[in-house]
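# Overview (structure and organization)
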Amino acid sequence: MRSECLNIKNYNALKNNVILFFVMLFFLAPNGYCQNKENTKSARAVIERLIGNRAKDFDLNIAQSKNQSQDSFEVESAGNKIIISGTSNASICYAAYTFLKDIGAVSISWEGNRIDLPKTWPKYSKKQDTPFKYRKYLNACTFGYTTPWWDWKRWEQEIDWMALHGINLPTALEGQESIWQQLWKEYGLTDKQLQEHFTGPAFLPWQRMGNINTLDGPLPQEWINKKQNIQKKLLQRMRDLDMHPVVPAFSGYVPKAFAESHPNSKISELKSWSGGGFESTYLLDPNDPLFKEIGKRFIEIYTQVYGPSDFYLADSFNEITPPVSEQNKYEELADYGNTIFETINEASPKATWVMQGWLFGDNKEFWTKEATKAFLSKVPNDRMIVQDYANDRYKVWENQEAFYGKQWSYGYVHNYGGSNPVYGDLNFYKNELTGLLDNPHKGNLVGYGVMPEGLNNNSIVYEYIYDLPWSQGKEPVNDWLKKHLNARYGKTSDAVFQGWQLLIESVYSTKYWETRWWNDWAGAYLFFKRPTLKITEFKGNPGDMDKLKQALDILNKESKNYNKNKLYKYDLIDASRHYYSLYIDKMLIECVKAYESKDIQKGDELLKKIEKTALNIDSMMSAQPLNSLKNWVKSASDYGTTPEESRLYVKNAKTLITLWGGEGHLNDYASRAWKGMYKDFYWPRWKMFLESQRESALNKTAFDEEKVRASIKEWETKWSESSEM
C-alpha cells in the first residue's frame, strides 16, 4: 500500500513538471512571451490592482476562440504558477476571479473586498465556456441614480468589477453632453438656449431618452468637461479589456429652440411624460432629411472625440407613445426603425444598433406583435441587438417571438431607481436560464446579464447572475452559496449556512419587489411613501418575515465568531434594517387604523414604537457609511468647483431621491434605505401625518388628508432645496 501511495505521488509530481515544462516552453519562445505579455497587460493590471504583487504568479494567455460566438477560459495550477488561458482579457479576468473565489481567497463587492491569499496556491483545474457572446451591464438610468458624482477613480473600480465578472457589453453614456453641445451649436443654438435645454446632472438620462427637458438645470460647463475627460479614459480602459462599450446615437429628439428655429421641418411636440408636469419634448420625423443629417453628424463628432465604436444605443420611444397615424401606423413605425439604423450605418458602417426592449413590456398595449415587427422589419438581423432586460417583470421575448430574428440579449433590471430593499431570486434566475437555453424558440439569442437602474446593493444577486452564463445553471444554488460565503467571509459554518438558506427562502426568493410601485405610489416600503390613509388597504410586502427573523436570530448568534469581519457585519445590518423596515410598515397600518377608529391610546403606543424603530435603524446604519444621505450629498457637493455648482448638485442629489419631479407619481421612486433618510426625511413626514390624524381624532373633527399631504409636499420641497447634509 505504501509503495502504491509513493507511485501516485511520483506520478502527480511528474504530471506537474510536464505541465510546467510546456508552459515554460510557450512563454520562453522567442516571440510568444512578449506578444502574450502585451496582449494581456490590461487583464494583468486588473489582477494587480486586486491582489498586488501576487499577480506575478499568474501566467496569462489569449487563446483563439473555437467558436466566434462564445468565450471560454481554462485555469490550471502548476507548481506555484496559475496558468490562465482565455479568449479575451475580460474572460481572463473572470477566470482569475473564479479561481480566487473558488479557493476562498477573494470576494469583491461594492461594499468592500475581502482578500486573504494563501502562501502557496492549491491544486486547481477548471475549464468553462459560455454560449453568450455578450454579457451586458448598466441601465441608461444608472447614470442618474448612481454615477452623476463619480470621478475616474470610482469608474476605474467599477470597470475592474465588470472585468472580474466577465462583462463585455457595458453601457457607456458618460460625456455625451459635450458632443450634443457642439452639434447643436453647429445648427445655430446659443449657449443660453442650451442652458435652458439641458437638465441638471442627476436627470440627464431622461433627457437623453426624450422624456424631459430643462429640469433642475442649468448644466454647468465644468461638469460637461469633467465627464468628457472621464469618458475618454473609460472607453479606452473598456476597449483595452476587449469590452464593447455601447455608446449613444441620435434617436430623433431635438431641443425646443431647434424646433422653433426649424418651422418647416416635421417635428412633433410630445405629451408630457409620466403623468405630466414636465416640459414637452420634440421628436424629428424620420422622413425629414434633417434626421439623417443630424444623426450622422453626431456620430462624426463623437468619433473625433472618443474614437470609433461598434455598438450604438438609440431609443426613440422610452415610455413615449410613437407619434404615428392610425391609418399608416405600421409603415411609419418601419420608417422610424429603418432611418435610425441607416443613420448609424452610414456614419459607422458595420456598427450594431442597440436598443432597450423595456418599451415593449412597459407599453404592451401599443407594442403589439404587428407594431414591433413593423418597427424592426427593415433592420438587418445581424446589425441590431434588442436588450430585453425586464424578465423579472415582463415576458417580452416570448410575447414578441424572440424579436423576429433580430439579435437579442436576455436579462433583468433587478434594481429600480437605486432603491434598496433586500431582495432577489436566485432559484428563479437559475431556472430561467436553464429553461432559456433549452428553449427551441429562443431565436438569435446572443447576450445575458443584468441592467440595474442603481448600484451598491444586494451584491449576492450580481455575483450569482454573472456566474450563470458560465455555469449555465448546472451548479445547484446551495453548492454555489457555500463557495460564495466561504469567499466572502473567509470561513463558514453549518449555522451560518443555515441562516443564509433561510435568507434565500425569505428574501432572496422574490423576483420583483411589488411594494415599490404599489397603487402607483413609489417607495420601497410604505414608510418610504408620502403618507396616506390608503395604506390600510395594503396586502403585505413580499417575502417571509418569520423566516427572515429566524435567519437573523441565527446570524446574530453566530456573529461573535465573525466580530472582525466587516462583510459579515454589513450583511447582518442589511438583513436587519430590511426586517425592521417591514416591521414599521405593519405598525404604520395599525397606527393609521387606530387613529381612524379614535383609539388614541393604541395609536400613541404605536406612534412611539414606530419612532423608536426608525431612529434605531438610522443609528444602526452608521456601520454602513457609504449607505448614507450624508455620503450622497457630500459626493454631490464635492463635485462642484464653485459654491454655486455645489448648491446645484446638492439640490439635484436630494431632489432625485425624494420629490423627483413632475406632477405624476415619481416622488420617492428612488427612495433609499440610508442613514439620514430614516431620521431626517421618512420619519418627519409620517410624524406630521400621524400627529395631524391624532389631533383630528382627539377633537372629533374630519381629518383633511389632502391638506396634510399638501403641507408635507411643501416641507419636502424645502428639505430638497436645503444645502444641509
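Residues numbered from 1 in each chain as written. Predicted model: local features only at pLDDT ≥ 70, side-chain atom pairs only at ≥ 80, totals over all residues. Heavy atoms only, no water.

As a further point, take the overall build of the chain. Helices and strands together make up the secondary structure of the chain, namely 27 helices and 19 strands. Against the 2.2 N^0.38 benchmark of 27 Å for 725 residues, the chain shows a C-alpha radius of gyration of 27 Å, consistent with a compact globule. With respect to the three principal axes, the spread of C-alpha positions in the chain is 95 × 70 × 55 Å. A total of 725 residues make up the chain; the buried ones form 60% of that total. When the accessible surface of the chain is summed, it comes to about 29500 Å², and 48% of that surface belongs to carbon and sulfur atoms. For the chain, the distance from the average site of its 91 positive side-chain charges to the average site of its 91 negative ones is 6 Å. (Helix = DSSP H or I, 4+ residues; strand = E, 2+ residues; numbered from the N terminus. Rg over C-alpha atoms; globule rule 2.2 N^0.38 Å. Buried < 20%, exposed > 50% of the residue type's maximum accessible area, 1.4 Å probe, protein only. Areas by Shrake-Rupley, 256 points an atom, 1.4 Å probe, with all protein chains shown as cover. Lys, Arg positive; Asp, Glu negative; His and termini not counted. Charge placed at Lys NZ, Arg CZ, Asp CG, Glu CD.)

This paragraph deals with the sheet that holds strand β17 (residues 444-450). With respect to topology, eight strands assemble into an open sheet ordered β8-β7-β17-β16-β15-β14-β13-β9, the strand pairing being parallel. Since the sheet does not close on itself, it has two edges, and those belong to β8 (169-170) and β9 (246-248), each with one partner. (Pairing = 2+ DSSP bridges.)

The next subject is helix α21 (residues 545-558). Under the 1.5 Å per step criterion, the end-to-end length of α21 is 20 Å for 14 residues, consistent within 8% with the ideal 20 Å. Buried within α21 are the following residues: M545, L548, A551, L552, I554, L555 and E558. Contacts from the buried residues of α21 go to α20 (494-506) and α22 (566-596). (Expected span 1.5 Å × (residues − 1). Contact = heavy atoms within 4.5 Å.)

The next thing to look at is the packing of aromatic side chains. Inspection of the entire model under this criterion finds 80 aromatic pairs. A ring pair is formed by F73 and Y94, whose centres lie 5.8 Å apart and whose planes are at 65 degrees; its orientation type is edge-to-face. Of this pair, F73 sits in strand β2 (residues 71-78) while Y94 sits in helix α4 (residues 89-102), placing them 21 residues apart in sequence. Owing to a relative accessible area of 2%, F73 belongs among the buried residues under this scheme. For Y94, a relative accessible area of 2% translates into the label buried. (Phe/Tyr/Trp six-rings, centres within 6.5 Å; stacked < 30°, edge-to-face > 60°.)

This next bit is on the UniProt feature "domain: Alpha-N-acetylglucosaminidase tim-barrel" (unreviewed entry) in the chain. The positions that UniProt labels "domain: Alpha-N-acetylglucosaminidase tim-barrel" (unreviewed entry) are, in the present scheme, residues 135-472. Across residues 135-472, the secondary structure splits into 43% helix and 12% strand, with the terminal C-alpha atoms separated by 13 Å. (UniProt positions renumbered as here; feature names shortened; annotations may be inferred.)

What follows concerns the pairing of strand β16 (residues 407-412). Extensive coverage of β16 is indicated by the burial of six of its six residues. Every second residue of β16 is oriented toward a common face, with Q407, S409 and G411 on one face and W408, Y410 and Y412 on the other, all of them buried. Pairing analysis gives four bridges linking strand β15 (residues 384-388) to β16, with the strands arranged parallel. Considered in β16, the bridge of I385 is made with Q407. Across six bridges, the pairing between β16 and β17 is parallel. By the bridge assignment, Y412 is partnered in β17 with V450. Of the crossover connections in this fold, the one passing from β16 over helix α17 (residues 426-438) to the parallel β17 is right-handed. (Right-handed = clockwise from strand over helix to strand, strands pointing away.)

So, about the nonpolar core. Within the largest apolar cluster, 241 residues are counted, with the highest numbers of intra-cluster contacts made by F527 and W660. When sequence neighbours within four positions are dropped, the list of residues in contact with W660 reads Y145, F203, W206, L215, W273, F278, T655, L666, N667 and Y669. (Core = buried A, V, L, I, M, F, W, Y, C linked by side-chain atoms within 4.5 Å.)

Further remarks concern the sheet that holds strand β1 (residues 58-62). An order of β1-β3-β2-β6 is seen for the four strands of this open sheet, with the pairing classed as mixed. Among the strands making up the open sheet, the edge pair consists of β1 and β6 (125-130). For this sheet, the mean inter-axis angle between neighbouring strands, taken without regard to orientation, is 10 degrees. Across the sheet, helix α18 (residues 459-471) touches β2 and β6, and the angle it forms with β6 is around 90 degrees. (Axes fitted to C-alpha atoms, helices over the stretch in contact; angles between N-to-C directions.)

Our next topic: the UniProt feature "domain: Alpha-N-acetylglucosaminidase N-terminal" (unreviewed entry) in the chain. This chain's UniProt record puts "domain: Alpha-N-acetylglucosaminidase N-terminal" (unreviewed entry) on residues 42-122. Its end C-alpha atoms 25 Å apart, residues 42-122 is made of 30% helix and 28% strand.

This next bit is on helix α10 (residues 221-240). For α10, with 20 residues, the first-to-last C-alpha span of 29 Å sits near the 28 Å given by 1.5 Å per residue. Taken together, the buried positions of α10 are occupied by W223, I224, K227, I230, Q231, L234, L235, R237 and M238. Mapping the buried residues of α10 onto a view down its axis gives an arc of 160 degrees, with all of them on the same face. D242 lies just past α10 and shows a positive phi near 65 degrees. (Arc of directions from axis to C-beta.)

With that settled, consider the domain arrangement of the chain. Interface extent is often summarised as the accessible area lost during association of the parts. Domain parsing of the chain yields domain 1 (40-129), domain 2 (134-486) and domain 3 (508-542 + 565-721). The centre of domain 1, based on its C-alpha atoms, is set 30 Å off from the matching centre of domain 2. At the interface, 27 residues of domain 1 touch 31 residues of domain 2. Counting the surface lost from both domain 1 and domain 2, the interface buries some 2400 Å², and carbon and sulfur atoms represent 55% of this. Considering only the surface of domain 1 that becomes buried against domain 2, R49, Y94 and W110 emerge as the three largest contributors, covering 33% of it. Inspection of the region where domain 1 meets domain 2 yields six salt bridges. Put simply, R49 and E156 hold a salt bridge, and the shortest N to O gap is 3.8 Å. When residues of the side of domain 1 that touches domain 2 are traced back to their parent elements, those giving at least two are α3 (41-51), β2, α4 and β6. Per element, the largest residue contribution to the side of domain 1 that touches domain 2 is eight residues, and it comes from α4. Counted by class, the side of domain 1 that touches domain 2 contains eleven nonpolar, eight polar and eight charged residues. (Domains from an automatic or database assignment. Buried area = accessible area lost by both parts, 1.4 Å probe. Salt bridge = Lys/Arg side-chain N within 4 Å of Asp/Glu carboxyl O. Nonpolar A, V, L, I, M, F, W, Y, C, P; charged D, E, K, R; others polar.)

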